[in-house]
Amino acid sequence: MDDIFEIKFSFEQKVKDEVITKFANKQGGQFNVFSYHWQPFVWAAVIGFLRDERKPLTPPIADKPFSLATMRAHEGEQDAQSLICMCIAKHGSLDILKNPQEAIQLINEYANGGFYYIMKLMDNGENTFNDLEKVKQEIFNRHVQQ
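**Q** I tried to follow the environment of Ile 96 on my own but got confused; where do I start?
**A** Within the secondary structure layout, Ile 96 lies in the loop between helix H4 (77-91) and helix H5 (100-123). Separated by 10 residues in the primary sequence, Ile 96 and Leu 106 have C-alpha atoms spaced 9.3 Å apart. Once residues lying within four places of it in the same chain are set aside, the contact partners of Ile 96 are Cys 87, Ile 88, His 91, Glu 102 and Ala 103.

**Q** Would you explain the state of the cysteines in this entry?
**A** Simply put, disulfide is the name for a covalent bond between the sulfur atoms of two cysteines. Overall, the coordinates contain 0 disulfides when judged by the stated rule. The thiol of Cys 85 is unpaired, and the distance to the nearest cysteine sulfur, on Cys 87, comes to 9.7 Å.

**Q** What's the story with the packing of aromatic side chains in this structure? I'm lost.
**A** In this description, a pair of aromatic rings is defined by centroid distance and the angle of the planes. Under the definition given, this model contains 10 aromatic pairs. Relative to Phe 41, the ring of Phe 11 lies with its centre 6.3 Å away and its plane at 50°, an arrangement referred to as tilted. Within this pair, whereas Phe 11 is found in the segment before helix H1 (13-23), its partner Phe 41 is found in helix H2 (residues 38-51), the two being separated by 30 residues in sequence. This pair shows no difference in class: Phe 11 is buried, exactly as Phe 41 is. Where Phe 49 meets Tyr 110, the ring centres are 4.6 Å apart and the plane angle is 25°; that geometry is what we call stacked. Here the residue Phe 49 occupies a position in helix H2, and Tyr 110 occupies one in helix H5, the gap between them amounting to 61 residues. The same class applies to Phe 49 as to Tyr 110, namely buried. Directly above the aromatic system of Tyr 116 lies the positively charged group of Lys 55, at a separation of 4.6 Å from the ring centroid. In this arrangement the basic side chain of Arg 72 is found over the ring face of Phe 5, its NZ or CZ atom lying 4.1 Å from the centre.

How each quantity is defined
- Residues numbered from 1 in each chain as written.
- Predicted model: local features only at pLDDT ≥ 70, side-chain atom pairs only at ≥ 80, totals over all residues.
- Heavy atoms only, no water.
- Helix = DSSP H or I, 4+ residues; strand = E, 2+ residues; numbered from the N terminus.
- Contact = heavy atoms within 4.5 Å.
- Disulfide = S-S within 2.5 Å.
- Phe/Tyr/Trp six-rings, centres within 6.5 Å; stacked < 30°, edge-to-face > 60°.
- Buried < 20%, exposed > 50% of the residue type's maximum accessible area, 1.4 Å probe, protein only.
- Lys NZ or Arg CZ within 6 Å of the ring centre and 35° of its normal.

So far we have only geometry, and geometry alone does not tell us how the molecule works.
Here it is as C-alpha cells:
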C-alpha cells in the first residue's frame, strides 16, 4: 500500500502561475504571506473544504509537486494532519485512508476548488491577499453560505 505521506500532490499550472508563485517565493524563500509553495496549497485546500468547492484538475499540471511529508519536514505537521482530517470528514469515514491515492486526489480537488475561488476574488478586484491578516480573515472569519 502507498504511504499517504509520500504521494505527491498535484495542481494545475494555471494556479501555480496565478496563485502559488504570487503568494509564495521559491521553497524556503521569504515573502509577505508564505515561505513555501505548499502553504498556499493548504490555504486553498482549507477554503475548498470549508466552501465545499471541489474541482477536478485539468491539464496542464504543474511540474513541482510536494507531499504531506514535505509539509511535515518544513514546520507543517499540523497542516498535514488537518488536510487528512478534512479529507476524512468530507469522505464520511476513515475508509478513505485505505486508498491513499484516492485521499490525495480528494485533497487535490478541494484545493483546486479553493484556488479557483481565490482567483475569482482576485479577478473581482481583491488585491489585499499579500496581507497576512487578510489571509487569516479569509480562512477564519468567513460566513460560509449554506
